[in-house]
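As a plain string of letters, each chain reads:
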Amino acid sequence: MAIRRLVLRQAELGPTLGLALAVAVFSLLSPHFFDPQSLTAITTGASEVGIVAVAVSLLMIAGELDLSVGAVYAFIPVLWVILFRYDGLLPIVALAIALAGAALVGLVSGLTTVRFSVPSIIVTLGMFFALEGLNNLLIGGGDLVVSDRDWLLDVFGQRLGSTPFFAALLWLLVITFLGWFLLTRTAYGNWTQAAGGRLGVARAMGVPVGPVKVSLFVLTAVLAGFAGCLQTAYLRSVTAAQGQDLALLAITASVVGGTSIYGGSGSVIGAVLGALLLSVLQVGLIVVGAPGTFYVTFIGVFLVVVVIVNSRLTARWRTGRSA
Amino acid sequence: MANRSVGVSPLPLVELLHIVHRYGETEVLSDVSLTLSGGEVIGLVGDNGSGKSTLLKIIAGYHQPTSGVVRVLGRPTTLRNAGQSRALGIEPVYQDLAILDDLSLWRNFFLGKERRRGRFGLGLLNARWMRKECETRLRELGLSRIQSVEMPARLLSGGERQALAVTRAVYFGAKVLLLDEPTASLSAREAGNVLQAISAARQRGLSVLYIDHNLHHVLPVADRVVVLEHGRVVSELRASQVTEDELQRLIAPPLSHT
């Protein structure tokens, strides 16, 4: 019974163990791992990738990929800031318009994927370039500085009291809970898993596969845009380069967190733990003295190792039916 | 065994009258007439290429007959596609197109027809109710190896999957079940699970059309056996009045030169 439960929870088991191990190793190697600056860096990094990974993992479970989230993550806050700084709208109104823009981006990707049966990896790659071009057009190589005072910017970007944590962490927790709830407690979550399982079965059972996928593309773009706005409120500026690696990091977090690259199964909580793990690795490596930008090399190797180990374990588990 | 159809309406659910089906020049079905009634299991047997599967696909709405009449509940009906057949309560159960590996048993059972809470269409799952309901159905079926409806369907054996799919179709109100070789590649014990699910369906008044090569599986569960050969019905027998050997000879007469 206990083993069965463990196996069922396998998606979260991997990143949890990985996280425990990484924290143990780094805190042994350096006395600075638990410094406030480290904690700030870990949690803001995890929030940035984690919020996007919630949506990306849901989309992957439904059998689709979105490579455009990084460009959305820059494009939507650029739109937002332009609307309230230069067009004089209230930040909250500007945000609603910008997120509607994000929804439109997701709708276009989703409808194109479903209608024309084009692999989403191609459609969203196209979307990535299209938005990157728009970003360059809007702000070029420069950045937009946000010096305004507004309650919304505080809600998005402020420090939580005197803790080393910032608002984005709370948003991450809320969005993680909502994503987990959606996947495991609603019919829509069931259909998400079915859509990425076997299309024929899902259709035969009357699951509205097309609408489910399209709405997940919309959700992904909106969350990526929203996360970008959080980041902008935190940094008080936005550049076109914001979120460059984000799509790949979110996919990495999802896969490390137990979501199948083929779709059909996965875990929102696992994806967020994956994002946290990536952030711990990044900050941990810096704290123990590795060059700051080197960590991606490590993450690349780590990702492949995790997937190999995972598939080995899964294969063993699948053949051990009688247990 | 003579009184198998107790408590069942004698109403013919689906009638096929003089069905002819051609693929180009080839006539796959020639003047086939068949009646599917509630509470009856028809075993459709015959050699490869005798037209069994084509006949099933016509009833399922995947193929349209070249000529002939299909009547559903007494009314002449054109089954244009699978969705239309399904809407009329005709449910094909396929070995590979029924169950999703990664979903738990109860999620599979209720997929696309989830029981929700509240009235606002929020889609909140009434998971407790569905688990319990699924548990009860599986227990009725006697799938004793299943310990929890939370387990992923990939852990089911082939027979258990089929049984689950059949039970689900019955549960959601199918009137006619179409099964194409549901016991192919199953062990005897697993085939037993499927046959039991078929019996349960009959008892609830469904009509079951059951294609199988394995007469050993067909005879114990069928009320009527229809033998197809080269697209024609060559015999139609009460299952209780024929032995396996006799039936085997009808399907494949012993070749004289062996």
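Residues numbered from 1 in each chain as written. Chains lettered and ligands numbered in written order. Predicted model: local features only at pLDDT ≥ 70, side-chain atom pairs only at ≥ 80, totals over all residues.

## Looking at the environment of Ser57 of chain A
All names here are of chain A. Defined as follows: Helix numbers and strand numbers start at the N terminus; a helix is a DSSP run of H or I with at least 4 residues, a strand a run of E with at least 2. Think of it as a crowd count around each C-beta: if 20 or more other C-beta atoms lie within 10 Å the residue is buried, if 12 or fewer it is exposed, and in between it is partly exposed, with C-beta placed from the backbone throughout. By the convention adopted here, residues make contact when the C-beta atoms placed from their backbones lie within 7 Å.
Positionally, Ser57 belongs in helix H3 (residues 36–61). The class for Ser57 is buried, based on 31 C-beta atoms found within 10 Å. Taking C-alpha positions, Ser57 is 8.9 Å from Ser260, a pair spaced 203 residues apart along the chain. When neighbours within four sequence positions are excluded, Ser57 is seen to be in contact with Ser254, Gly257, Thr259, Gly266, Val268 and Ala271.

## Quick notes on helix H12 (residues 246–256) of chain A
Residues and elements named next belong to chain A. Burial analysis of H12 places 10 of its 11 residues in the buried class, which makes it a mostly covered element. Looking only at H12, the buried set comprises Leu246, Ala247, Leu249, Ala250, Ile251, Thr252, Ala253, Ser254, Val255 and Val256. Just downstream of H12, Gly258 is the residue with a positive phi angle, here 100°.

## Concerning the sheet that holds strand E10 (residues 232–238) of chain B
Strand pairing in a sheet is mediated by backbone hydrogen bonds. Such pairs are either parallel or antiparallel. Residues and elements named next belong to chain B. Under the convention used in this document: Two strands qualify as a pair provided DSSP detects at least 2 bridges between them. For helices, the fitted axis covers only the stretch in contact; all axes are lines through C-alpha atoms, and the angles between them, taken along N-to-C directions, range from 0 to 180 degrees.
Taken together, 6 strands build an open sheet; the order of strands is E6-E7-E8-E3-E9-E10 and the sheet is mixed. Of all strands in the sheet, those bounded by a partner on one side alone are strand E6 (90–93) and E10. Taken pair by pair, the neighbouring strands of this sheet meet at an average axis angle of 20°, ignoring direction. Both strand E9 (residues 224–229) and E10 contribute to a ladder of 6 bridges, which runs antiparallel. Across the sheet, residue Val227 finds its bridge partner in E10, namely Ser235. Helix H6 (residues 188–203) rests against strand E3 (40–46), strand E7 (176–180) and strand E8 (207–211) of the sheet, and its axis sits at about 150° to E8.

## Overview of the domain arrangement of chain B
Residues and elements named next belong to chain B. How we decide: Domain delimitation follows an automatic or database domain assignment. Residue polarity is assigned by list, with Asp, Glu, Lys and Arg as charged and Ala, Val, Leu, Ile, Met, Phe, Trp, Tyr, Cys and Pro as nonpolar; anything else, Gly included, falls into the polar class.
Assigned domains of chain B: these are domain 1 (12–99 + 173–251) and domain 2 (102–155). Centre-to-centre separation of domain 1 and domain 2, based on C-alpha positions: 29 Å. Each partner contributes to the interface: domain 1 provides 5 residues, whereas domain 2 provides 5 residues. Taken together, the residues of the side of domain 1 that touches domain 2 break down into 3 nonpolar, 2 polar and no charged.

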